[in-house]
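Coordinate inspection notes
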Amino acid sequence: MNANSSPSTALIGGTQVTSHQPVTAAARSEFAKTVRKLARNRGAIAGMLFLVAIVLVAVFANTIAPFDPLKQQYRDVLLSPSRTHLFGTDQFGRDVFSRVVVGSRQSLAVAALAIAIAASIGITLGLVGGFAGGWLDMTIQRLIDIQLAFPGVLFALAIVAVLGPGLRNAMIAVGLSLVPSYARLVRGAVLSTKELAYIDAARVLGAKDSRIVLRHILPNILAPIVVLGTVSVAWAILIGSSLSFLGLGAQLPSPEWGLDLASGRDYLREAWWMSTFPGLAIMLTVISVNLLGEGLREVLDPRLRAR
Amino acid sequence: MSRYLIQRLIFAIPVLIGVSIAVFLMMHLIPGDPALALLRGQPTVTQEDIDRVRAQMGLDKPLPVQYLTYMGNVLHGDLGESVKAHRPVATMIGEQVIPTLQLTIAAMVVAITIGFVLGTISAIWQGTWIDSLATVVSLFGVSMPSFWLGLLLIYVFSLRLGWFPVTGSGGWKLLVLPAIALGADFAAIVARLVRASLIEVLRQEYILTARAKGLRETTVIFRHALRNALMSVITIIGLQIGTLLGGAVVIETVFARQGIGNLAITGILSKDFPLVQGIVLLGAIVYVVINLLVDVSYAFLDPRIQVG
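Residues numbered from 1 in each chain as written. Chains lettered and ligands numbered in written order. Predicted model: local features only at pLDDT ≥ 70, side-chain atom pairs only at ≥ 80, totals over all residues.

**Some words on the interface of chain B and chain A**
- Taken together, the contacts link 37 residues of chain B with 33 residues of chain A.
- If you list the elements that add at least two residues to the side of chain B that touches chain A, you get helix 1 (2-29), helix 6 (129-143), helix 7 (146-160), helix 10 (217-254), helix 11 (260-269) and helix 12 (273-301) of chain B.
- Element by element, the count of residues in the side of chain B that touches chain A is highest for helix 10 of chain B, at eight residues. (Contact = placed C-beta atoms within 7 Å. Helix = DSSP H or I, 4+ residues; strand = E, 2+ residues; numbered from the N terminus.)

Laid out in structure tokens, this is it:
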């Protein structure tokens, strides 16, 4: 495939406005085409709008929440949803709506930081391994094989066991457990890009390895990374809230969706609303991420587009 | 074929050794002195106590020696002693294997059954509202946190309708809700796979031939088309078993079930490191072995697989 006409280049052309490279009109129109295509995908747009809304809620949580999420009101224990308490109150009389609103911060923070950790380590390992090859690549690959031998959340659990429970350690655990997906994806993309003619051209012109990797290879493999980044947010939110649910992530009394679901478990018979609303919050966020991720994949993944 | 098997086996051995080193090092990665960590909670800790624990754990010896001792013990079935229960870790894990195994297998059966039904329905009525509905259902399947689905199932089917007991004795009835909660995500993945591969297969000429022969549509689907879909599902079962084993940790907590997952959480929360170490090591070994078996069985089922 001609690398210059691939949508990844187009996306980069559109976003890399600050670099010294002049943005060509062709690249800009390619980017616009990508955006238009994404805009036609109703699911992706719905997902994106909901995510923007959730992020806004997290940013302005303190203004939106009608009550202090930590304030205990013993007169108002286990009230069912009403005008004053939209989502009802919990066993300490705290407003569930306020807790869900403020709790969005911790749930999103876990996902954001976990992805930041996973992407920075994973992309570096993938670039270095894929570009350098040889024993370095071999070593990285074997280490990843070993990590992948720990099934599902078991790796994250082992990390939490070592570092101790807590929100910060849960973020690290989720982040580290996502590293292999990034490293493998980037390595594969580097291997298929490395042999292209324009890389040879850059080398002949005397470009250093670091420049070739960062300026010529990375921009051209960004599309699959963007897709993975989106999809892995869903995973990070699910695993992050699972860890909190198990008592290994966020700690009481701070509001967090997974943690609040766990408290709701003990009051399932008396107060269904305690677990339902945090659960809905997690599910709707994850659905939105998945819809957006699928839309992006359809638009950005050239292999899917070819079909 | 035998060369493929041998290659696959040889590949698994370094991974298993790496896993054992990683799990062994877990203990040493804990911030602070592991001996002190084990003594935490004791009212007074004297230097004598620390030295005793260090000698007990062999922490006074060089790291490679410690590793070899550890591996020697593991190979003899000795996973150390729980620092809380003061019982052999291997025995404690052994007691919990059956319930977790039952839950995982039940979840897999549920997932594959629901997945095949849902996937077949959407493929047959491709592009209709039935297909869209099935797609939405599977989107919910992958997006719903299993612990919330579990709670909803308990609320509706145990507390409201009273069809299934929540805890206590109930035989297979106790297994139904946890199995659905654990398998939902896998069911959605199976449904997508079956749909995609059925749609692909139904376009093939031999299906046209089968129809032209005047076979009934059900025969065409069940005898000819679904068989091929089965292959693509088998390939992901290995990977999904890992997810199921991990998910069992959460589901066992939701339903307050006995099992290895519950044991692991208790171990982590009570800082019972030998116990956690043992569970993590066994989990990884089981996963590697299962994947090996899946690959091997796949090679038997699909003659096209050669050494590659």
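Past the structure itself, the notes keep going.
**Points about the nonpolar core**
- Formed by 153 residues in total, the largest nonpolar core has its most connected members in Ala 114, Ala 156, Leu 157, Val 160, Val 174 and Ala 236 of chain A.
- Counting residues per element, this core draws most heavily on helix 5 (residues 96-132) of chain A, which supplies 17 residues. (Core = buried A, V, L, I, M, F, W, Y, C linked by C-beta atoms within 7 Å. Buried ≥ 20, exposed ≤ 12 C-beta atoms within 10 Å, placed from the backbone.)

**Digging into helix 6 (residues 134-148) of chain A**
- For helix 6 of chain A, with 15 residues, the first-to-last C-alpha span of 21 Å sits near the 21 Å given by 1.5 Å per residue.
- Buried residues of helix 6 of chain A: Ile 144, Ile 146 and Leu 148 of chain A, and no others. (Expected span 1.5 Å × (residues − 1).)

**Concerning unusual backbone geometry**
- For the bond running from Leu 252 of chain A to Pro 253 of chain A, omega is 0°, close enough to zero to count as cis.
- In this model, His 86 of chain B sits at a positive phi of 50°, which is unusual for a non-glycine residue.
- Within the secondary structure, His 86 of chain B sits in the loop between helix 4 (63-75) and helix 5 (89-124).
- Non-glycine residue Lys 271 of chain B carries a positive phi angle of around 55°.
- Looking at the element boundaries, Lys 271 of chain B is found in the loop between helix 11 and helix 12.

**Quick notes on the confidence of the model for chain B**
- Of all residues in chain B, 94% attain a pLDDT of 70 or more, and the chain-wide mean is 84.
- This complex was scored by the predictor with a pTM of 0.85 and an ipTM of 0.86. (pLDDT = per-residue confidence, 0-100.)

**Things to note about the environment of Gly 150 of chain B**
All names here are of chain B.
- As for its placement among the helices and strands, Gly 150 is situated in helix 7.
- Given 24 C-beta atoms within 10 Å, Gly 150 falls into the buried group.
- Remark: the alpha-carbon pair of Gly 150 and Ala 90, spanning 60 residues in sequence, is separated by 30 Å.
- For Gly 150, the residues in contact, after removing those within four places along its chain, are Pro 178, Ala 181, Ile 251, Val 254 and Phe 255.

**What about the packing of helix 5 of chain A against helix 13 (residues 273-300) of chain A?**
All names here are of chain A.
- Closest axis-to-axis distance for the helix 5/helix 13 pair is 10 Å, and the angle between their directions is 30°. As judged from the angle between their axes, helix 5 and helix 13 are roughly parallel. Between helix 5 and helix 13 lies a crossing of right-handed hand. In contact with Val 96, Val 100, Gly 103 and Ser 104 of helix 5, helix 13 contributes Trp 273, Met 274, Phe 277, Pro 278 and Ala 281.
- Taken together, the residues that form the contact of helix 5 with helix 13 break down as seven nonpolar, two polar and no charged. (Axes fitted to C-alpha atoms, helices over the stretch in contact; angles between N-to-C directions. Parallel < 35°, antiparallel > 145°, perpendicular 65-115°, else oblique. Left-handed = near helix turned anticlockwise from the far one by under 90°. Nonpolar A, V, L, I, M, F, W, Y, C, P; charged D, E, K, R; others polar.)

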